[in-house]
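A closer look at the structure
Now for the letters of each chain:
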Amino acid sequence: MDVRRRPSKALRPAPKEPSSAPEPTGAKASDALPLPLYFTNALFFTLFFSVAYYLLLRWRDKIRNSVPLHVVTFSELAAILSLIASFIYLLGFFGIDFVQSFIARASNEAWDLVDEEEGEDHRHRLMACSPSIADHIIPAVSSAEDEEIVDLVVKGTIPSYALEEQLGDCKRAVRIRREALQRITRRSLQGLPLDGFDYGSILKQCCEMPVGYVQIPVGIAGPLLLDSFEYIVPMATTEGCIVASTNRGFKGIYASGGATSTILRDGMTRAPVVRFPSASRACHLKFFLDNPSNFQTLADEFNKSSNFARLQGVQCSIAGKNLYMRFSCTTGDAMGMNMVSKGVENVLAYLRNEYPDMDIISISGNFCSDKKPAAINWIEGRGKSAVCEAVIKEEVLKKVFRTSVATLVELNMLKNLAGSAVAGALGGFNAHASNIVSAIFIATGQDPAQNVESSHCITMMEAVNDGKDLHISVTMPSIEVGTIGGGTQLASQSACLDLLGVKGASKELPGANSRLLAKIVAGSVLAGELSLMAAIASGQLVQSHMKYNRSTKDVSKVGS
């Protein structure tokens, strides 16, 4: 909502505090003085100009008679003191108008600068000015009625993004912003919930300029028997069959003795790009970073900004005179993007001293790679790299999934492996890993955009035990999860993490909770892959979606 328009002069805040009685148009501060003070003012006016005139005449005579100016008589000394006293008096009374007019001009010029030069960033700097000027740029609205504030937001006098700070009440700010938005757009937000959410918990952290929240139902699937422990898995989704299908997979895994999982790697990455005057200079830094004897120096610089970030390695790639450095580090129970970025900044500052001709182009050069499909994540991993496997018994396949080992093995080869290769898939050698990853991410407060690389998965199936049983596995090289920070501390998401037993940071072993969450994600994907592939093999896919994922409501009537 664009509410940063410049208000007209009539809408701008008055440059002085309102008095108890309104002043007439064009009134000055001195006009409201009691009548006796008018005579006092006249007296001091007369005194000021009289003694000034007297002193000028005396000094002219001294100059003519060659008398030093610093030699004064008693009458001249009295005249000087009278001049000073009258000047102070007049400045005290009539200087008020000058100060007020100066503030008013400063306010108007500030609005002009906001509109014509630097926009919102400059406005933030103006708000950091002295309180007296800031109060005239944005009025204090905490004591005003909501209706009046809504009007000010609509007119652009108060910026929508500043409501929380100005009001000191997050929910009230959301309510006012919401009403202003409806008036500006002439669209109703009636179906968007407002009550029942702690807006203070997202302030300066999760979402800016909120006007409500979106309801996403959370279903549960389980128990997932993973590494001899049972987990009930929360899944937030609006697609029918996802929870039911995953739950059926859990049932088959449980009946077959459970699944086992392993974390292969654990390291978040950030890859800045720097530029040198020549390719040879870029190669010189690459050789320096590749030298094992320099690693400890880099690690000391990287680790000094965090108690949990620990540098694991640096991978370099050259593109002409540009150098891409992919730093990888452990991040405890946090997902770790901010943590690794701080460490990278420390190393860049150190390298800048050693290589003064190095030009830092960006803290992220997309060699990381974050929230984008990339072969580097598929091959080298990012976040948690996990593998999960299970052996599904023949009788379970027939009873629970209504299919056979041979059918699933052939289907997986033709669909997930060969079919994805024909399509040129990057990390997409699976049936629907992203469905399960997204549902768990939203429920537990992960970054939904990181579903892109976190859903990289290859599903393998083969016959074991003389062809009677099915061995199924999922390998996921870049599961990016955390149990602290970001959206994980919101009440709903925190409750889902608590349900899994991974809420917050692990006190016994830092990083254990986030690694366990990654294992649970992999185990859930395993169940989802097994169930969907079985549904396709048995011809149940379309039938189940028609039953659970087809709305019979008249959407036009619901919307109205």
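For clarity, every value in this text was computed on a predicted model and none was experimentally measured.

Digging into the overall build of the chain
In terms of regular secondary structure, the chain is built from 19 helices and 11 strands. A burial count over the chain gives 42% of its 560 residues as buried. Counting only contacts in the chain whose residues sit at least 6 apart along the sequence, the fraction spanning at least 24 positions is 71%. Here the chain displays about 29100 Å² of accessible surface, and carbon together with sulfur accounts for 57% of that area.

A closer look at the packing of helix H7 (residues 242-255) against helix H12 (residues 394-401)
Following both chains from N to C, one finds H7 and H12 inclined at 155°, their axes separated by 10 Å at the closest point. Judged on the interaxial angle alone, H12 and H7 are roughly antiparallel. Of the two elements, H7 crosses H12, and the hand of that crossing is right-handed. Counting all contacts with H7, which are made through Arg248, Gly249, Lys251, Gly252 and Ala255, the residues of H12 involved are Val396, Val400 and Phe401. Along the lines of polarity and charge, the residues of the contact of H7 with H12 split into 4 nonpolar, 2 polar and 2 charged.

Looking at the packing of helix H9 (residues 295-303) against helix H10 (residues 337-354)
One can describe the packing of H9 onto H10 by two numbers: an axis separation of 7 Å at closest approach and a directional angle of 125°. By the angle between their directions, the pair H9 and H10 is classed as oblique. In the crossing of H9 with H10, the sense of the turn from one axis to the other is right-handed. Between H9 and H10, the contacting residues are Thr297, Leu298, Glu301 and Phe302 on the first element and Val340, Gly343, Val344, Asn346, Val347, Tyr350 and Leu351 on the second. Broken down by class, the residue content of the contact of H9 with H10 amounts to 7 nonpolar, 3 polar and 1 charged.

Let's talk about the pattern of salt bridges
Throughout the structure, instances matching the rule amount to 19 salt bridges. In this structure, the salt-bridge partner of aspartate 146 is arginine 175, at a minimum N-O distance of 3.3 Å. Placement of aspartate 146 in helix H4 (residues 146-155) and of arginine 175 in helix H6 (residues 170-185) is noted, with a sequence separation of 29 residues between them. Between arginine 281 and aspartate 357 there is a salt bridge, with the nearest N and O atoms lying 2.8 Å from each other.

Quick notes on helix H8 (residues 279-290)
Along its 12 residues, H8 runs 16 Å from first to last C-alpha, staying within 8% of the 16 Å computed at 1.5 Å per residue. Among the residues of H8, those classed as buried are Ala282, Leu285, Phe288 and Leu289. Buried residues in H8, looked at end-on, bunch into an arc of 115°, giving them a common side. Away from its buried face, by an angle of more than 90 degrees, H8 presents the exposed residues Ser280 and Phe287. In this fold, the buried residues of H8 make contact with strand S4 (273-275), H9, strand S5 (310-319), strand S6 (322-330) and H10.

Regarding the packing of aromatic side chains
Tallied over the full model, the rule gives 9 aromatic pairs. A ring pair is formed by phenylalanine 276 and tyrosine 355, whose centres lie 6.1 Å apart and whose planes are at 80°; its orientation type is edge-to-face. Taken together, the positions of phenylalanine 276 in the loop between S4 and H8 and tyrosine 355 in the loop between H10 and strand S7 (359-362) put the pair 79 residues apart, joining distant regions of the chain. Each of the two residues, phenylalanine 276 as well as tyrosine 355, counts as buried. Put simply, the rings of Phe48, Phe49 and Phe87 pair up and form one aromatic cluster.

Some points on the environment of leucine 47
Tracing the sequence through the fold places leucine 47 in helix H1 (residues 35-64). Leucine 47 sits 38 residues away from alanine 85 along the chain, and the two C-alpha atoms are 9.6 Å apart. Aside from chain neighbours lying at most four places away, what touches leucine 47 is Ser82 and Ser86.

Section: the nonpolar core
One finds Met235, Ile392, Val525 and Leu530 to be the most contacted residues of the largest nonpolar core, which totals 53 residues. At 12 residues, the largest contribution of residues to this core is made by helix H17 (residues 512-537). Among the nonpolar cores identified, the runner-up in size contains 29 residues, and Leu285, Leu298, Phe302 and Ala334 belong to it.

Looking at the pairing of strand S8 (residues 383-392)
Most of S8 sits out of view: 7 of its 10 residues are buried. Bridge count for strand S3 (residues 260-270) against S8 is 7 bridges, and the pairing is antiparallel. Its bridge partner being in S8, serine 261 is matched across the sheet by cysteine 388. For S8 and strand S11 (residues 469-479), the ladder comprises 8 bridges, and the chain directions are antiparallel. Counted as the bridge partner of cysteine 388 is valine 474 from S11.

Here's the deal with the side chain of aspartate 266
One can find aspartate 266 in strand S3. Take aspartate 266: its relative accessible area is 13%, and that puts it in the buried class. At 3.3 Å, the side chain of aspartate 266 and the side chain of lysine 384 are in polar contact. If we ignore the near neighbours within four places in the chain, the residues touching aspartate 266 are Gln312, Cys329, Thr330, Gly383, Lys384 and Arg515.

With respect to the pairing of S5
One ladder, built from 9 bridges, connects S5 with S6; its direction is antiparallel. From the neighbouring strand, glycine 313 faces S6, where its bridge partner is serine 328. Connecting the antiparallel pair S5 and S6 is a turn made up of 2 residues, with glycine 320 showing a positive phi of about 65°.

Some remarks on the confidence of the model for the chain
In this model, the chain carries a mean pLDDT of 85, and residues with pLDDT of at least 70 account for 80%. Across residues 1-35, confidence stays below pLDDT 50; counting only partners more than four residues off in sequence or on other chains, it has 55 contacts. Contacts of residues 110-143 to residues separated by more than four positions or lying in other chains number 55 contacts, the stretch itself having pLDDT below 50.

A closer look at a nonpolar patch on the surface
Residues Val72, Leu77, Leu81, Ile84, Phe87, Ile88 and Leu91 make up a contiguous nonpolar surface patch of about 670 Å² in total accessible area. What makes leucine 77 partly exposed here is its relative accessible area of 42%.

Conventions we followed
Residues numbered from 1 in each chain as written. Predicted model: local features only at pLDDT ≥ 70, side-chain atom pairs only at ≥ 80, totals over all residues. Heavy atoms only, no water. Helix = DSSP H or I, 4+ residues; strand = E, 2+ residues; numbered from the N terminus. Buried < 20%, exposed > 50% of the residue type's maximum accessible area, 1.4 Å probe, protein only. Contact = heavy atoms within 4.5 Å. Areas by Shrake-Rupley, 256 points an atom, 1.4 Å probe, with all protein chains shown as cover. Axes fitted to C-alpha atoms, helices over the stretch in contact; angles between N-to-C directions. Parallel < 35°, antiparallel > 145°, perpendicular 65-115°, else oblique. Left-handed = near helix turned anticlockwise from the far one by under 90°. Nonpolar A, V, L, I, M, F, W, Y, C, P; charged D, E, K, R; others polar. Salt bridge = Lys/Arg side-chain N within 4 Å of Asp/Glu carboxyl O. Expected span 1.5 Å × (residues − 1). Arc of directions from axis to C-beta. Phe/Tyr/Trp six-rings, centres within 6.5 Å; stacked < 30°, edge-to-face > 60°. Core = buried A, V, L, I, M, F, W, Y, C linked by side-chain atoms within 4.5 Å. Pairing = 2+ DSSP bridges. Polar contact = N/O pair within 3.5 Å; in protein donor to acceptor, adjacent residues only side chain to side chain. pLDDT = per-residue confidence, 0-100. Patch = residues over 30% accessible without salt bridge, like charges linked within 9 Å, V, L, I, M, F, W, Y side chains within 5 Å.

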